[in-house]
Amino acid sequence: MMQELKPFGRARRIIFSPLLADRYFLVGLILLLALTALALLAPWLTAHSPDDMDLYAIEAPPDADHLLGTDEIGRDVFSRLLYGGRVSILVALAAVFFQAVIGVSLGCIAGYKRGLADTLVMRVTDIIMCFPFYALAITLAAILGASSWNVILIIGVLHWTGIARLVRAELLSLRESGYVQAARAMGVGGITIVFRHLLRNAYAPLIVNLTLAVANAILSEAALSFIGLGVKQPQPSWGNMLAAAQSIRVIDYEWWLWIPPGLTIVLMVLAINFIGEGLSRVLNPRPAIPVKDIYTH
Amino acid sequence: MFSYILRRVVISIPVLIGISLVVFFLIKLQPGDPLVGMISPETTPEQKQEMLRQAGYLDPLWLQYLRWASRAVFGDFGYSLQSGAPVLTLIDERIVNTLLLAGSSLLITLLIALPAGIFLGLRRGSLPDIMASLFSFVAISIPVFFIAILLVKIFAINLRWFPVSGVSTLGTHDHGAAYLYDVARHLFLPAVTLAIGNIAIFSRYLRSDISHLINQNFIKALFAKGLKRRAVIYPHLLKNASKPLITVIGMEIPALLSATLLTEIIFNWPGIGRLSFDAIQSRDYPLLMGIVLFLAVITLVINVVADILYAVVDPRVRLTP
């Protein structure tokens, strides 16, 4: 019985063991760890640098030396796939961090302050949600230029609205609960109430939605890089490697240039979606807003 | 009902103004000045400054915004740098193709997702349901352009059933049925590309809706009354399931338009997505901004229409403030 009093031991048991028992979560986690490990361990897994050009092997099919062949200027595709994974994963995580910062802060202000601040924040989300993502994204990319930082900025600025709405809805429903009123009566400040009491109790839907947002960010980065408005060559990313498949000749004869990056993206996004599904089954958040709200690709 | 429509239209006015402010901000953000490429290189900086002043480029921002917005309200979105034609004329030439693509893909989506969603919702946890779940996960995890490449590889290059890109075969002058058949063949792959992800999303929504409704008391009461299964499902269950579907379709429209733009780029489909991509290649900013403004306004209108339709089906909505 004494163990029950240790808060973290209890939390770990309540959250993690059912998570690992969930088949979706487990499969997703294993896939995710495997793909991340491949990206992280890139220097030890391949002898080729992603930028080295092998002029004797241009667009060469896979062999023992180049495991997945080479691209149109003789760079090793396997190596670019591993190093490209670093770029794609980092860009997606940074973009989601960015949108979480904007979304959570504005959502908190709207949900806790209500009144004019709420109306203002909600109108701004309405406005941003009227722009089809790729229309605004390619316009911003054309103005700002194509680079990894701009991709992070574009995804972050355009995708925070779902998170803000979610946080606002959660806070609106929690702010009148007994424990919040008690805290307010004791003179606890607004910021403390929001961070200590409200956000912590809204963590379940927030975690599920942020997880799905990572999947979405990977898809958005890939699409922008694919049409040449995202991560710029020579830096590899899964999306810009697929840009090779804009030529019919490559699609028809050189499968090693586009099947591996394409499949990797699918596996990565699938892994994250499985984890999101597992989390939402175990944490069982009340559906304050439809999850689809942030899932627009 | 009329007062609800009026209220819904009035609250979308600030959103419309917000959209125009965002686009104006983007216009101000674009590099260079409006005279780039229009004046001779011999013009002195003083002369250029004078020309910019006369064009109103150096006026205070609010004045520039008001001038720009009042022209945009009457459909004057400026002129394309590339072709010199009015932006709205260029959009007008292409919008039919975009609507054709988005519309036919929505049709394919509904034709498959509606029966599938109802079927799976009534059989939650069955083998077909589990298979469909897995399919949905894969479908929402594949990038649109990767689906496009796979379909092109299999159906256009290997099997040669469908053309690779474009809207009609060049060099042919078909009319009537032959022309329609040619366009339909070109339309098929991009429309299916777009539909795959949406089929997964729509059928999941409908499935969870139906399986939630079937456990409601009013449905149980109908069964208890002795009604046949068909007599419960078709008139009662589906009528109630159709309401949230309107919201879902309305909500999906921006995502659908967004994916349509991307699909047009890949399949070289001459709609406004392809137009905006070409505008980027030629740095045609006025055209690009016009397209963004146009698409945002269309989305806003669709959202308002969806809300009004919802109020038609569900009278409770009209009464809530």
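Definitions and cut-offs
Residues numbered from 1 in each chain as written. Chains lettered and ligands numbered in written order. Predicted model: local features only at pLDDT ≥ 70, side-chain atom pairs only at ≥ 80, totals over all residues. Helix = DSSP H or I, 4+ residues; strand = E, 2+ residues; numbered from the N terminus. Rg over C-alpha atoms; globule rule 2.2 N^0.38 Å. Buried ≥ 20, exposed ≤ 12 C-beta atoms within 10 Å, placed from the backbone. Contact = placed C-beta atoms within 7 Å. Core = buried A, V, L, I, M, F, W, Y, C linked by C-beta atoms within 7 Å. pLDDT = per-residue confidence, 0-100. Axes fitted to C-alpha atoms, helices over the stretch in contact; angles between N-to-C directions. Parallel < 35°, antiparallel > 145°, perpendicular 65-115°, else oblique. Nonpolar A, V, L, I, M, F, W, Y, C, P; charged D, E, K, R; others polar. Left-handed = near helix turned anticlockwise from the far one by under 90°.

Description of the overall build of chain B
Of the regular secondary structure elements, chain B holds twelve helices and zero strands. A compact globule built from 321 residues would reach a C-alpha radius of gyration of about 20 Å, whereas chain B, at 25 Å, exceeds it by more than 25%. Principal-axis analysis of the C-alpha atoms gives chain B an extent of 90 × 55 × 40 Å. Taken over 321 residues, chain B has a buried fraction of 32%. The contacts in chain B between residues at least 6 apart in sequence include a share of 72% that link residues at least 24 apart.

A few points about the overall build of chain A
Within chain A one finds 14 helices and zero strands. Along chain A, helices and strands appear, N-terminal first, in the series α-α-α-α-α-α-α-α-α-α-α-α-α-α. Dimensions of chain A along its principal axes, counting C-alpha atoms only, are 75 × 50 × 25 Å. The buried share of chain A, reckoned over its 297 residues, is 49%. Contacts in chain A between residues at least 24 apart in sequence constitute 71% of all its contacts with a sequence separation of at least 6.

Structural notes on unusual backbone geometry
Between Q233(A) and P234(A) the backbone carries a cis peptide bond, its omega angle lying at 5°. As for its position among the elements, P234(A) is in the loop between helix 11 (203-226) and helix 12 (238-242). Located in the positive-phi region is N268(B), a residue other than glycine, with phi close to 55°. Along the chain, the position of N268(B) falls in the loop between helix 9 (229-267) and helix 10 (272-281).

A look at the nonpolar core
In this structure, A137(A), I218(A), L242(A), F145(B), I291(B) and V292(B) are the most contacted members of the largest nonpolar core, which totals 158 residues. Here the element with the most residues in this core is helix 4 (residues 77-113) of chain A; it accounts for 18 residues. With residues up to four places along the chain from it excluded, the contact list for V292(B) reads F131(A), A135(A), L136(A), T139(A) and V23(B).

A look at the confidence of the model for chain B
The predicted model of chain B averages 85 in pLDDT, with 94% of residues at 70 or higher. The ipTM value of the predicted complex is 0.87, and its pTM value is 0.88.

Some thoughts on the interface of chain B and chain A
Taken together, the 43 residues of chain B in the interface contact 36 residues of chain A. Going through the elements one at a time, helix 1 (2-29), helix 5 (127-141), helix 6 (144-158), helix 9, helix 10 and helix 11 (285-313) of chain B are the ones with two or more residues in the side of chain B that touches chain A. Top contributing element to the side of chain B that touches chain A by residue count: helix 9 of chain B, with nine residues.

Some thoughts on the packing of helix 4 (residues 87-122) of chain B against helix 10 of chain B
Residues and elements named next belong to chain B. Where helix 4 meets helix 10, the axes come as close as 8 Å, and the angle between the chain directions of the two elements is 135°. When the interaxial angle is binned, helix 4 and helix 10 end up oblique. Residue-level contacts link L90, I91, R94, I95 and T98 of helix 4 to I272, G273 and L275 of helix 10. Its residues assigned to classes, the contact of helix 4 with helix 10 shows five nonpolar, two polar and one charged.

Notes on the confidence of the model for chain A
Residue and element names in this part refer to chain A. Summary statistics for chain A give a mean pLDDT of 85 and a share of 91% for residues scoring 70 or more. Counting interchain partners and residues more than four positions distant, the pLDDT-below-50 stretch residues 1-5 has two contacts. Low pLDDT, under 50, characterises residues 287-297; the predicted model gives this stretch 31 contacts beyond four residues in sequence or across chains.

Describing the packing of helix 4 of chain B against helix 7 (residues 176-213) of chain B
Residues and elements named next belong to chain B. Here helix 4 crosses helix 7 at 35°, and the two axes come no closer than 6 Å. As helix 4 packs across helix 7, the resulting crossing turns out to be right-handed. Of the residues that constitute the contact of helix 4 with helix 7, the class distribution is 20 nonpolar, eight polar and two charged.

Remarks on the environment of Q30(B)
Among the structural elements, Q30(B) can be located in the loop between helix 1 and helix 2 (45-54). In this structure the C-alpha to C-alpha distance between Q30(B) and L61(B), which are 31 residues apart in sequence, comes to 15 Å. Apart from residues no more than four positions distant in its own chain, Q30(B) is found in contact with I143(A) and Y285(B).

Section: the environment of L82(A)
All names here are of chain A. In this structure, L82 sits in helix 4. Overall, L82 belongs to the buried group, with 24 C-beta atoms counted inside 10 Å. With 41 residues separating them along the chain, L82 and L41 place their C-alpha atoms 8.3 Å apart.

Let's talk about the environment of Y79(B)
Residue and element names in this part refer to chain B. Position of Y79 relative to the elements: it lies in the loop between helix 3 (61-73) and helix 4. Residues Y79 and L287, 208 residues apart in the sequence, show an inter-C-alpha distance of 7.1 Å. Setting aside residues no more than four positions away along its own chain, Y79 makes contact with G84, A85, P86, V87 and P286.

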